[in-house]
Amino acid sequence: SQQGEEDPQALSIQEGENATMNCSYKTSINNLQWYRQNSGRGLVHLILIRSNEREKHSGRLRVTLDTSKKSSSLLITASRAADTASYFCATDASFQKLVFGTGTRLLVSP
Amino acid sequence: NAGVTQTPKFRVLKTGQSMTLLCAQDMNHEYMYWYRQDPGMGLRLIHYSVGEGTTAKGEVPDGYNVSRLKKQNFLLGLESAAPSQTSVYFCASSSDRAQPQHFGDGTRLSIL
């Protein structure tokens, strides 16, 4: 069963716009991670946020975590065509295992 | 620095055939994982290993076996392939269970 569920399933924006995708999960977590997957490639880790953190930044990425609502959001500012990819959240809730969501497909058009 | 390398990249099998997928990592990571990715399902954990000589079942282990004889290698075996095992298989590794995982580029497996 999936722990994390991303919303929306698909998002289409223009270059320069911001993209926001959300992740909801069901149980208490130790940390939450976001990954990117380009078409035909493996997943690439973007950012990790621990359960005692509320916000984290990395370049154009901003991640928030609200443990009371069991949700996280990933904001990509000033999107570029190269940001076109699928984005997955993954929760570290149980010993030794990450559980991945079903992903958000982002299309950034020039 | 290759990271995580998966071989082969593509394979077509007939029902009932067997094969082994190989994953190799050069980062000296203790933890290694095998996932399958199906449309609309995200990634599902098949088996994982927390160190050389150890393996454990994940979410969807049936029909698969694994071995970790060397720290850098993690093998996934299909003894008798079934069409339901048509998928993209990803291997990943990490230094610790809480650390980010590094992924290979996948093996696309079709079973006819």
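Up top is the structure these notes are about.
Notes on the structure in this doc start here. (Residues numbered from 1 in each chain as written. Chains lettered and ligands numbered in written order. Predicted model: local features only at pLDDT ≥ 70, side-chain atom pairs only at ≥ 80, totals over all residues. Heavy atoms only, no water.)

**Notes on the interface of chain B and chain A**
Often, the extent of an interface is quoted as the loss of accessible area upon association of its parts. Our working rule: We call two residues contacting when some pair of their heavy atoms lies within 4.5 Å. Take the accessible area each of two parts loses on contact, using a 1.4 Å probe, and add the two losses: that sum is the buried area. We define a salt bridge as a contact between a side-chain nitrogen of Lys or Arg and a carboxyl oxygen of Asp or Glu at a distance within 4 Å. Any N or O atom pair separated by 3.5 Å or less is treated as a polar contact, with the protein-specific requirement of one donor-capable and one acceptor-capable atom, and with residues adjacent in sequence counted only for side-chain atom pairs. Numbering of helices and strands starts at the N terminus; helices are DSSP runs of H or I of at least 4 residues and strands are runs of E of at least 2. Amino acid classes used here: Ala, Val, Leu, Ile, Met, Phe, Trp, Tyr, Cys and Pro are nonpolar; Asp, Glu, Lys and Arg are charged; the rest, including Gly, are polar.
Facing the 23 residues of chain B at the interface are 22 residues of chain A. Of the roughly 1800 Å² buried between chain B and chain A on both sides combined, carbon and sulfur atoms contribute 48%. The tally of links between chain B and chain A comes to two salt bridges. With a shortest N-O distance of 3.0 Å, aspartate 105 of chain B and arginine 41 of chain A are connected by a salt bridge. For the pair chain B and chain A, the number of links is six residue pairs in polar contact (both at pLDDT 80 or more). Among the secondary structure elements, those contributing two or more residues to the side of chain B that touches chain A are strand 4 (31–38) and strand 5 (42–49) of chain B. Here the side of chain B that touches chain A gets five residues from one element, more than from any other, and that element is strand 5 of chain B. Here the residues of the side of chain B that touches chain A are counted per class, giving twelve nonpolar, six polar and five charged.

**Topic: the state of the cysteines**
Defined as follows: Note on terminology: pairs of cysteine sulfur atoms within 2.5 Å are recorded as disulfides. Each residue is placed in one exposure class: buried if its accessible area under a 1.4 Å probe, protein chains only, is under 20% of its type's maximum, exposed if it is over 50%, and partly exposed if it falls in between.
Taken as a whole and assessed by the stated rule, the structure comprises two disulfides over all chains. Residue pairing for cysteine 23 of chain A: its cysteine sulfur links by disulfide to cysteine 89 of chain A, the two sulfurs lying 2.1 Å apart. Judged by the sign of its S-S torsion, about 65 degrees, the cystine formed by cysteine 23 of chain A and cysteine 89 of chain A is right-handed. Here cysteine 23 of chain A is found in strand 3 (residues 19–24), whereas its partner cysteine 89 of chain A is found in strand 9 (residues 85–94), with 66 residues between them in sequence. Taken as a pair, cysteine 23 of chain A and cysteine 89 of chain A share a single burial class, namely buried. A sulfur-sulfur separation of 1.9 Å characterises the disulfide bridge that pairs cysteine 23 of chain B with cysteine 91 of chain B. Measuring handedness by torsion sign, the sulfur bridge of cysteine 23 of chain B and cysteine 91 of chain B sits at about -75 degrees and is left-handed. With cysteine 23 of chain B in strand 3 (residues 19–25) and cysteine 91 of chain B in strand 9 (residues 87–94), the pair connects residues that are 68 residues apart, well separated along the chain. Accessibility classification places cysteine 23 of chain B together with cysteine 91 of chain B in one group, the buried group.

**Focus on the sheet that holds strand 7 (residues 61–66) of chain A**
Residues and elements named next belong to chain A. Where we set the bar: Only strands joined by at least two bridges in the DSSP assignment are considered to pair. Here an axis means a line fitted to C-alpha atoms, over the contact stretch when the element is a helix, while the angle between two N-to-C directions is reported on a 0 to 180 degree scale.
Within the open sheet, the five strands sit side by side as 1-3-8-7-6. Their pairing is antiparallel. Strands at the two margins of the open sheet, each flanked by one partner only, are strand 1 (5–7) and strand 6 (55–58). Averaged over all pairs of adjacent strands, the angle between strand axes in this sheet comes to 20 degrees, irrespective of strand direction. Bridge analysis of strand 6 against strand 7 gives four bridges, and the strand direction is antiparallel. Paired with lysine 56 across the strands is valine 63, a residue of strand 7.

Note that all results are geometric; they support no functional claim without further evidence.
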